[in-house]
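Topology and contacts: notes
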Amino acid sequence: MRTPSLKALLQGCALFTMLAGASMQAQAAFGVTTTKDASDRIVSYTIDTGAGLVFKVRGHPNDTSTTSPGDLSSIVYNGVEFQDAARGTQVNSGYDWIYTDQTGVEVKAEVVDANGNAVPVTVPAAGQSATTAASDYIKVTVKTLGGATGVLTHYYLVRKGDPRIYMGTHFTAEPTGQALVRFIARLRIAALPSGTPAGTPGGLVTNADPNRPPSWPDDLRGTTGAIESGDIFGINSGANAGETRSKHYSNMRLKDWTHIGGTGPNVGVWIVRDNNEGGSGGPFYRSLLNQITSTNNEITYIVNYGEGQTEAFRFNRLNAYTMVFNNGAAPGSVDTAWFSKMNLLGYVPPTARGNVFVPAIYGRNPAFPYTVGFANATAQYWADAASHDGNTQANGMLPGAYTMTVYKNELAVATSTVNVTAGTTNIVPALTIAADPLVNNDDPRGKWHIAKGDPSLTQALFRIGEWDGTPREFLNGDKITIMHPSDVRMSPWFTTASSADPYRVGISTPGLHMPAFQWKGLNTAPNGPVTISFALKASQISATSTYRFRIGITAAQAGGRPQINVNNWTSPFVGSQSGDLFPPGQPSTRTMTVGTYRARNITYDYTIPASALIAGQNTLKIWVVSGSTSSSSWLTPAVSFDAMDLVKIN
């Protein structure tokens, strides 16, 4: 046997190194590799971005309940696999269960040149793979087939040398497999172990108690079991004992975020949203966005969702969003101008859009931010009003007529109609916010109304809270979006504004003594009223005068609505009399326990006769009434307070 010489060994090593380098260069080439199994079925399209990101789109299904054709079955970034191999990154629970009457899913891949010319990728023989080089762009289209309900089309789009997965989802009807549209990335916890910084959806929460470690409110690791509905969890022991976690607590007002994601050592995976014109719920809508488990970091982009929803869903829009891979820094804005070359359903170019300009909004309270929203059946938009004069510019809107709403923080205080024309800016007259009228036509019996101005512009004998459409200024209002009401970090709900310790007007403060929520009655707490003590002078009471007590709510659960007692007088309430007209319905889903207070703002009105009041100390009690019940303590009928005040009408 001949022993190879050192020279021959070195030559062999050099050849191996050259071949390995060539192979790596080939793998880094921008293109699509199509793979078929022995049965001549396309099992995957592997897309190499040429920028360190390689991902696979599943073709033929492997017949599991957690995967489907069109899923992302592998996501490799800088050599690290992020995708959970047992589950798909997908729309809803998979493209094969979008509509209950669909018959299948079509997946196809194309390469697209700089002029928008698309060519199907090369298809190999059975059991083989074939690679198609791309010059500028790659487009993968996933489409539901069959059925009369509707069609959902999802796009994966790639630009050469860009480590991002651009996506768009278009649907002609709301899915029936699940009544929502969401894209959920299921990424391995070993590769992406952490949440995001404070100030982002699901961001790190630092506790007031320094002995309680900071935590992500959607991080289920360390929890010891569900405490509500299988999706809210508690922690029984350790430094965070008594705290709660849920995917619902990763929420944030839609207008306040542009991206969601997860992080790890020197890596971040993000989803950057578009203007959400095809969503529903408006600028202040809140919904789950992230969830961290022992196996996955789940990043969920919500297109539309029924939890706490107050609007009809919108269809036939291209809802665009982008997965961004980087070193962990917050992602910047995303350029999608090149979508114009990709022949996408529902895409509307900037030239076919219009703008609205509001030169000024008068009557604003400088202590509050103002938002101007625009909505119709097909699209929604919003823009911030300038703090100095209220001028507002909304750009890139689809043509049509819109209801324009001015919000004081989250309370609608003015509305009008505006028209948008493609290629132009509609300059509308300046707006003036007036006082909310004390006489309105919403309810013939005057028991409720929807604000049509700013209630705080009417002088009140006393006022508790701020008329701004939120309960944030009340007790626990700063915590209700990131934890369950039973969380040990909450202040006690029922020891203040109670019969034993009433809220004392002029002495008590909303943030310490008036609870943000009130329940009809809990198994673990007294079934008592919110109690308010207030003083009136003899000069403030006249036998010929009438008085109005107004309670603004931001949400109600299980049909909850307020009723009041003033001294020995008891008010009627909505539903107490035959023929009562009820206000617009609140969402039938949970609201008070899933990190939101945002539903319909309703003002309940109680006309109090002068005979019910006395000079000196008066006692007012607020009860929650409802014909509904719940076996779960925190799901009983309840309301979320905005503000309340007593007004002398004449």
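Scoring rules and cut-offs
Each chain has its residues counted from 1, running along the sequence as written. Restriction of local features to residues with pLDDT of at least 70 applies here, the model being predicted, together with a cutoff of 80 or more for giving and counting side-chain atom pairs; totals for whole chains, interfaces and linings are based on all residues. Note that water and hydrogens are dropped before the side-chain values are worked out from all heavy atoms of the structure. In this text, helices come from DSSP runs of H or I with a minimum length of four residues, and strands from runs of E with a minimum of two, each type numbered from the N-terminal end. Throughout this description, buried means an accessible area under 20% of the type-specific maximum (1.4 Å probe, protein chains only), exposed means over 50%, and partly exposed covers the range between. Every residue pair with non-hydrogen atoms within 4.5 Å of one another is taken to be in contact. All accessible areas in this document rest on Shrake-Rupley with a 1.4 Å probe, and a residue is counted as covered only by the protein chains that are shown. A residue counts as positive if it is Lys or Arg and as negative if it is Asp or Glu; His and the chain ends are not included. Every charge is mapped onto a representative atom, which is NZ of Lys, CZ of Arg, CG of Asp or CD of Glu. Any carboxyl oxygen of Asp or Glu within 4 Å of a side-chain nitrogen of Lys or Arg constitutes a salt bridge here. When DSSP finds at least two bridges between two strands, those strands are taken to pair. Axis lines are fitted to C-alpha atoms, over the contacting stretch for helices. Their N-to-C directions set the angle, which ranges from 0 to 180 degrees. The pLDDT score gives, residue by residue, the confidence of the prediction method on a 0 to 100 scale. The aromatic pairing rule takes the rings of Phe, Tyr and Trp, using the six-membered ring of Trp, and pairs them if the centres are within 6.5 Å, calling planes under 30 degrees apart stacked, those over 60 edge-to-face and the rest tilted. Charge over a ring is defined by NZ of Lys or CZ of Arg lying within 6 Å of the ring centre and within 35 degrees of the ring normal. Definition used in this section: a nonpolar core is a set of buried Ala, Val, Leu, Ile, Met, Phe, Trp, Tyr and Cys residues joined via side-chain atoms within 4.5 Å.

It is worth spelling out the overall build of the protein chain at this point. Regarding its fold elements, the protein chain presents 2 helices and 41 strands. Across the 650 residues in the protein chain, those meeting the buried criterion constitute 54%. Here the analysis covers contacts within the protein chain between residues at least 6 apart in sequence; of these, 71% occur between residues at least 24 apart. In the structure as shown, the protein chain presents an accessible area of about 26200 Å², 54% of it carried by carbon and sulfur atoms. A gap of 1 Å separates the mean positions of the 48 positive and 45 negative side-chain charges of the protein chain.

Locating E110 in the fold gives a position in strand β7 (residues 104–112). Within the buried set, E110 has no salt-bridge partner at all; the shortest N-O distance to an opposite charge, 4.2 Å, is to K139. Look past the residues within four positions of E110 in its chain and what remains in contact with it is A118, V119, P120, V121, Y137, I138 and K139.

Let us look at the sheet that holds strand β24 (residues 370–375). Strand order in the open sheet formed by 4 strands is β25-β24-β27-β28, and the pairing between neighbours is antiparallel. The open sheet has two edge strands, β25 (380–384) and β28 (411–420), and neither has a second partner. Strand-to-strand, the axes of this sheet are offset by a mean angle of 20 degrees, without reference to chain direction. Of the pairings in the sheet, the one linking strand β27 (residues 400–408) to β28 comprises 9 bridges and is antiparallel in character. Each residue of the ladder has a partner; that of A401, found in β28, is N419.

Of note, D40 is a non-glycine position whose phi angle comes to about 70 degrees, a positive value. Within the fold, D40 resides in the loop between β1 (31–36) and β2 (42–48). Assessed through its relative accessible area of 43%, D40 is described here as partly exposed. Phi is positive for N266, which is not a glycine, with a value near 60 degrees. Positionally, N266 belongs in the loop between β17 (259–264) and β18 (267–273). Given a relative accessible area of 69%, N266 falls into the exposed group.

Per the stated rule, a full pass over the model turns up 28 salt bridges. Across the pair R221 and D219 runs a salt bridge whose closest N-O atoms are separated by 2.9 Å. R550 serves as the salt-bridge partner of D645, at 2.8 Å between the closest nitrogen and oxygen. Residue D645 is located in strand β41 (residues 638–648), and its partner R550 is located in strand β36 (residues 546–557); the two are separated by 95 residues in the primary sequence. With a relative accessible area of 0%, D645 lands in the buried category. Judged by relative accessible area, which is 1%, R550 ranks as buried. By sharing partners, the salt bridges in this structure join R212, E243, R245, D487 and R489 into a single network.

To continue, consider the sheet that holds strand β16 (residues 244–246). Reading across the sheet, the 3 strands line up as β14-β15-β16 and stay open at both edges, with antiparallel pairing between neighbours. Each of the sheet's edge strands pairs with one partner strand only, and the pair in question is β14 (226–228) and β16. Across the sheet, the mean angle from the axis of one strand to that of its neighbour is 40 degrees, orientation sign disregarded. Relative to β16, strand β15 (residues 232–234) runs antiparallel, the two sharing 3 bridges. Its bridge partner being in β16, I232 is matched across the sheet by S246.

Right, let's talk about the confidence of the model for the protein chain for a bit. When pLDDT is averaged across the protein chain, the result is 93; 94% of the residues are at 70 or more. Within the model, pLDDT remains below 50 along residues 1–27, and this stretch shows 2 contacts once partners closer than five positions in the same chain are excluded.

It is worth spelling out the pairing of strand β13 (residues 181–188) at this point. Of all 8 residues in β13, 7 are buried, a share of seventy percent or more. By the bridge criterion, 2 bridges tie strand β6 (residues 90–91) to β13 in an arrangement that is antiparallel. Counted as the bridge partner of V91 is F183 from β13. In this structure, β13 lies alongside strand β20 (residues 296–304), joined through 8 bridges in antiparallel fashion. Residue pairing for β20: A185 is matched across the bridge by I299.

To continue, consider the packing of aromatic side chains. On inspection of all chains with the given rule, the structure shows 19 aromatic pairs. With a centroid separation of 4.9 Å and an interplanar angle of 85 degrees, the aromatic rings of Y166 and W338 are classed as edge-to-face. One end of the pair, Y166, is in strand β12 (residues 164–171); the other, W338, is in the loop between β21 (319–326) and β22 (354–358), with 172 residues separating them in the sequence. With respect to class, Y166 is no different from W338; both count as buried. When the ring centre of W257 is taken as origin, the NZ or CZ atom of R273, which lies over that ring, is 5.4 Å away.

If you look at the biggest cluster of nonpolar residues, it comprises 52 residues, and the most contacted ones within it are Y156, F183 and M323. Counting 45 residues, the second-largest nonpolar core is a separate cluster that includes A516, W519, I551 and W569.

Moving on, we get to the environment of T591. By secondary structure assignment, the location of T591 is in the loop between β38 (569–570) and β39 (602–609). Using a relative accessible area of 1% as the deciding quantity, one classes T591 as buried. The spacing of T591 and S640 is 49 residues in sequence and 9.4 Å in space, taken between C-alpha atoms. Excluding anything up to four places from it in sequence, T591 contacts G308, A556, Q557 and T596.

The next point concerns the environment of T322. With respect to the helices and strands, T322 occurs in strand β21. C-alpha separation for the pair T322 and P583, spaced 261 residues apart in sequence, amounts to 40 Å. Residues in contact with T322, not counting those within four places in the same chain, are R164, I165, Y166, W270, I271, V272 and V334.

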